[in-house]
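Summary of the model geometry
Spelled out, the chains give:
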Amino acid sequence: MPLRAVLFDLGGVVLDSPLHAIARFERAQGIPEGFINRVVADTGPEGAWGRLERGRGDFASFVRDFEAECAAAGQRLSARALMEDIAQVAQPRPPMLAAIRRIRARGLLVAALTNNWSGDDRQDDGNRGLRDLFDAFFESSVLGLQKPDPRIYQHACSALGVVPSEAVFLDDIGRNLKAARALGMTTIRVVEPGEALGELETVLGFPLLD
């Protein structure tokens with residue numbers, strides 16, 4: 001079945017990676033490497049981070065609750081300072097923006113599919129200009145669904161009018177890709193943007209890189 005749509009995660013794919021900001025924050029604060037991501041994973045969808053990304057509660061509640069979860073796991077930190085550091089690295093990657101334009105010019109649908117949050121410190125405040133690049137913009141905080149919940153991929157495909165086997169999905173997190181792949185989507189893990197776009201070129205069959 002021919003491919004008809006390409007879906008991009010934002011942070012770590014179209015934008016610089018928040019994982020790098022988290023790692024730098026941990027080093028600067030003397031927090032063990034990987035601690036923050038372990039707290040997020042261990043607390044799951046009903047933890048403070050999961051609730052924030054699904055639009056459940058405000059940012060102030062997140063700060064209070066996430067700091068409490070981290071303290072319970074053995075580390076005290078400023079959740080507000082962490083999120084400020086993440087926001088500062090959310091800068092667009094020019095090769096990704098160029099690729100999105102080229103894909104749309106070829107007549108394929110292009111969508112953003114992102115876990116994000118809303119509130120006073122909205123993660124994508126600086127990303128509003130990105131919306132015009134996409135045919136559709138799927139946000140966890142708006143949908144109340146969070147990757148890797150299969151329903152968010154199903155919703156995105158349905159809204160685009162494609163079946164999962166007609167879509168490619170790019171993300172930087174393995175568990176998000178695993179869930180998409182289980183539905184039949186073609187998946188590409190983004191570690192280095194140029195390599196990922198080279199792989200996407202092969203999948204689509206036309207050039208994306210200068």
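Criteria and thresholds
Residues numbered from 1 in each chain as written. Predicted model: local features only at pLDDT ≥ 70, side-chain atom pairs only at ≥ 80, totals over all residues. Heavy atoms only, no water. Axes fitted to C-alpha atoms, helices over the stretch in contact; angles between N-to-C directions. Helix = DSSP H or I, 4+ residues; strand = E, 2+ residues; numbered from the N terminus. Parallel < 35°, antiparallel > 145°, perpendicular 65-115°, else oblique. Contact = heavy atoms within 4.5 Å. Nonpolar A, V, L, I, M, F, W, Y, C, P; charged D, E, K, R; others polar. Core = buried A, V, L, I, M, F, W, Y, C linked by side-chain atoms within 4.5 Å. Buried < 20%, exposed > 50% of the residue type's maximum accessible area, 1.4 Å probe, protein only. 1 Å grid on protein atoms, 1.4 Å probe; cavity = no way out; pocket = protein on both sides within 12 Å on 5 of 7 lines; lining within 4 Å. Points joined across faces, edges and corners; volume = space filled by probe spheres on them. Arc of directions from axis to C-beta. Pairing = 2+ DSSP bridges. Right-handed = clockwise from strand over helix to strand, strands pointing away. Salt bridge = Lys/Arg side-chain N within 4 Å of Asp/Glu carboxyl O.

To continue, consider the packing of helix H2 (residues 35–43) against helix H4 (residues 59–72). Running from amino to carboxyl end, H2 crosses H4 at an angle of 105°, the nearest separation of the two axes being 10 Å. When the axis of H2 is compared with that of H4, the two are roughly perpendicular. Contacts between H2 and H4 involve Phe35, Ile36, Val39, Val40 and Thr43 from the first element and Phe66, Glu69 and Cys70 from the second. Looking at the contact of H2 with H4 residue by residue, the class counts come to six nonpolar, one polar and one charged.

What follows deals with the nonpolar core. Core analysis: the biggest nonpolar cluster contains 29 residues, and Phe8, Ile103, Phe134 and Leu200 have the highest contact counts within it. When contributions to this core are tallied by element, the ones reaching two or more residues are strand S1 (5–8), helix H6 (94–105), strand S2 (109–114), strand S4 (167–171) and helix H10 (193–204). Looking at which element gives the most residues to this core, the answer is H6, with five residues. Every residue in contact with Phe134, bar those within four places of it in the chain, is listed here: Phe8, Leu10, Val14, Ile100, Arg104, Val110, Ala111 and Ala112. Among the nonpolar cores identified, the runner-up in size contains 23 residues, and Ile31, Phe35, Ile36 and Trp117 belong to it.

Before going further, it helps to examine the layout of surface pockets. The calculated volume of the largest pocket comes to roughly 640 Å³. Lining the largest pocket are 32 residues, with Trp49, Glu53, Asn115, Gln146 and Arg175 sitting closest to its centre. Every element with two or more residues in the lining of the largest pocket is listed here: helix H1 (18–29), H2, helix H3 (48–53) and helix H9 (174–182).

Two elements in contact, H1 and H2, have axes separated by 9 Å at closest approach and are oriented at 120°. Taken together, the axis directions place H1 and H2 in an arrangement best described as oblique. Facing Leu19, Ile22, Phe25 and Glu26 of H1, the residues of H2 in contact are Phe35, Ile36 and Asn37. Residues of the contact of H1 with H2, tallied by class, amount to five nonpolar, one polar and one charged.

Count 3.6 residues to each turn of an α-helix, and residues three or four apart come out pointing the same way. For helix H5 (residues 79–88), every residue scored as buried is listed here: Ala79, Leu82, Met83 and Ile86. Taken end-on, H5 shows its buried residues confined to a sector of 95°, consistent with a single buried face. On its buried face, H5 sits against H1, H2, H3 and H4.

We now examine the pairing of S1. In S1, alternate side chains face the same way, and those of Ala5 and Leu7 on one face and Val6 and Phe8 on the other are all buried. Where S1 and S2 come together, four bridges link them in parallel fashion. Note that in S2 the partner of Phe8 across the bridge is Ala112. Inspection of the sheet shows S1 paired to S4 by four bridges, in the parallel sense. Across the sheet, Ala5 pairs through a bridge with Ala167, a residue of S4.

To continue, consider the pairing of strand S5 (residues 186–189). Here S4 runs beside S5; their pairing, made up of four bridges, is parallel. Residue pairing across strands places Leu170 opposite Ile188, the latter belonging to S5. Viewed along the sheet, the connection from S4 through H9 into S5 turns out right-handed.

Glancing now at the side chain of Arg54. Counting through the fold element by element, Arg54 comes out in the loop between H3 and H4. The class for Arg54 is buried, based on a relative accessible area of 8%. Other than its neighbours up to four places away in sequence, Arg54 contacts Pro45, Glu46, Ser140, Ser141, Gly144, Leu145 and Gln146.

Before going further, it helps to examine the pattern of salt bridges. Across all of its chains, the model carries 11 salt bridges by this definition. Salt-bridge contacts for Asp9 lead to Lys147; the nearest nitrogen and oxygen are separated by 2.9 Å. Separated by 138 residues along the polypeptide, Asp9 in the loop between S1 and H1 and Lys147 in the loop between helix H7 (140–143) and helix H8 (150–160) bring together distant segments of the chain. Each member of the pair, Asp9 as well as Lys147, is classed as buried. For Arg64, the salt bridge identified is with Asp65, shortest N-O distance 3.0 Å. Residue classification places Arg64 among the exposed positions, given a relative accessible area of 51%. Of the residues examined, Asp65 reaches a relative accessible area of 22% and is grouped as partly exposed. Three or more residues are tied together by salt bridges with common partners; here these are Asp9, Lys147 and Asp171.

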